[in-house]
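These are the residues of each chain, in order.
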Amino acid sequence: MIGIASNTTILILTGAGISKESGLDTFRDRDGIWSRVSLEDVATPEGFRRDPERVHAFYNARRRSLISDGIAPNPAHAALARLERDWPGRIVVVTQNIDDLHERAGSRALIHMHGELLKIRCRHCNRPREWRADLDCAHVCPDCRRAGSLRPHVVWFGEMPLEMGRISEALSECGLFVSIGTSGHVYPAAGFVAEVRSHGRAHTLELNLERSEGAGLFHESRTGPASELVPAFVDELLHRQDA
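Criteria and cut-off values
- Residues numbered from 1 in each chain as written.
- Predicted model: local features only at pLDDT ≥ 70, side-chain atom pairs only at ≥ 80, totals over all residues.
- Heavy atoms only, no water.
- Axes fitted to C-alpha atoms, helices over the stretch in contact; angles between N-to-C directions.
- Helix = DSSP H or I, 4+ residues; strand = E, 2+ residues; numbered from the N terminus.
- Parallel < 35°, antiparallel > 145°, perpendicular 65-115°, else oblique.
- Contact = heavy atoms within 4.5 Å.
- Nonpolar A, V, L, I, M, F, W, Y, C, P; charged D, E, K, R; others polar.
- Pairing = 2+ DSSP bridges.
- Buried < 20%, exposed > 50% of the residue type's maximum accessible area, 1.4 Å probe, protein only.

Visitor: Would you take a moment to explain the packing of helix 7 (residues 164–173) against helix 8 (residues 192–199) for this structure?
Guide: How two helices pack is summed up by the angle between their axes together with the distance between the axes. Following both chains from N to C, one finds helix 7 and helix 8 inclined at 45°, their axes separated by 9 Å at the closest point. In terms of orientation, helix 7 and helix 8 fall into the oblique class. Residues M164, I167, S168, L171 and S172 of helix 7 lie in contact with helix 8, whose contacting residues are F192, E195, V196 and H199. When grouped by side-chain class, the residues that make up the contact of helix 7 with helix 8 number 5 nonpolar, 3 polar and 1 charged.

Visitor: Even after reading the chapter, I still don't get the sheet that holds strand 1 (residues 10–14), so can you show me in this structure?
Guide: To summarise the sheet geometry, strands pair through backbone hydrogen bonds and adopt either a parallel or an antiparallel arrangement. Reading across from one edge, 3-2-1-7-8-9 is the order of the 6 strands in this open sheet, with parallel pairing throughout. Each of the sheet's edge strands pairs with one partner strand only, and the pair in question is strand 3 (110–112) and strand 9 (220–223). Averaged over neighbouring strand pairs, the angle between their axes works out to 15° when direction is ignored. Both strand 1 and strand 7 (residues 176–180) contribute to a ladder of 5 bridges, which runs parallel. Note that in strand 7 the partner of I12 across the bridge is V178. Packing against the sheet, helix 5 (residues 75–86) makes contact with strand 1, strand 2 (91–95) and strand 7, and its axis sits at approximately 165° to strand 1.

Visitor: Sorry if this is basic, but what is going on with the side chain of T182 here?
Guide: Position of T182 relative to the elements: it lies in the loop between strand 7 and helix 8. Not counting chain neighbours up to four residues away, the residues in contact with T182 comprise L13, T14, G15, Q96, N208 and S212.

Visitor: I'm lost on unusual backbone geometry in this one. Help?
Guide: Glycine aside, a negative phi is what most residues show, and trans is what most peptide bonds show. A cis amide bond links Y187 with the next residue in sequence, P188, at an omega value of 10°. Relative to the assigned elements, P188 resides in the loop between strand 7 and helix 8. One non-glycine residue, N126, lies in positive phi territory at about 65°. Residue position: N126 is located in the loop between strand 4 (115–122) and strand 5 (128–130).

Visitor: Looking at this model, I keep getting lost on the side chain of H77. Mind explaining?
Guide: Relative to the assigned elements, H77 resides in helix 5. Setting aside anything within four residues of it in sequence, one finds H77 in contact with I18, S19, S22, L101, H102 and A105.

Visitor: Where do I start with the pairing of strand 2 in this structure?
Guide: Strand residues, when the strand is regular, have side chains that alternate between the two faces of the sheet. Buried residues dominate strand 2, accounting for 5 of its 5 residues. On strand 2, burial covers both faces: I91, V93 and T95 on one face and V92 and V94 on the other are all buried. Taken together, the 5 bridges between strand 1 and strand 2 define a ladder with parallel strand orientation. Bridge pairing links I12 to V93 in strand 2.

Dropping the structure here:
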């Protein structure tokens, strides 16, 4: 990897591949969630209008899985938290994941572009809040007191990802863009590398179990498990800084 200055802004995009090694199901793998459940039924506004209880049941199961004893951050999450702590420049982690594993590992400069599983949002007052229990249509919004108005605080197909203004700013300012564990299928995240390259300043690196669909757009692509690649990448960066 080319050398970068110690004051460089680093933007890191993470996808399902970084959390799979913690035991969480991915969506698009051959045996992933969308091979078992129709996304139109549980991950669209239309599906929620048709059958909100089915959607709640789907996310309740995922929420229970996330907070179960067997799920914890892996070395890739821990390495990114260490990079944020020790890198002299700015670190921004943009995650497509709705789990809280980055936070549990210690990351703070974090943008959840697809929302957060451990939060809910009212469709009327639009206020998100922490939520770790099951949710159903009988629950009343704690803020506006409307019943049946609460939904998972996740971005469904057909909805705009969150914090796109902040993400666009970071894409334009970064000197290093790193994509970790992403399929390269889901837009707008799949287009971030092209956007970064259009600014002409940043080095781009993919760390993935296999080369993604957009691997050819990166200056460099490394393949292997995230729990091995990411700590090695962080060690390399911090070693260069100390040298």
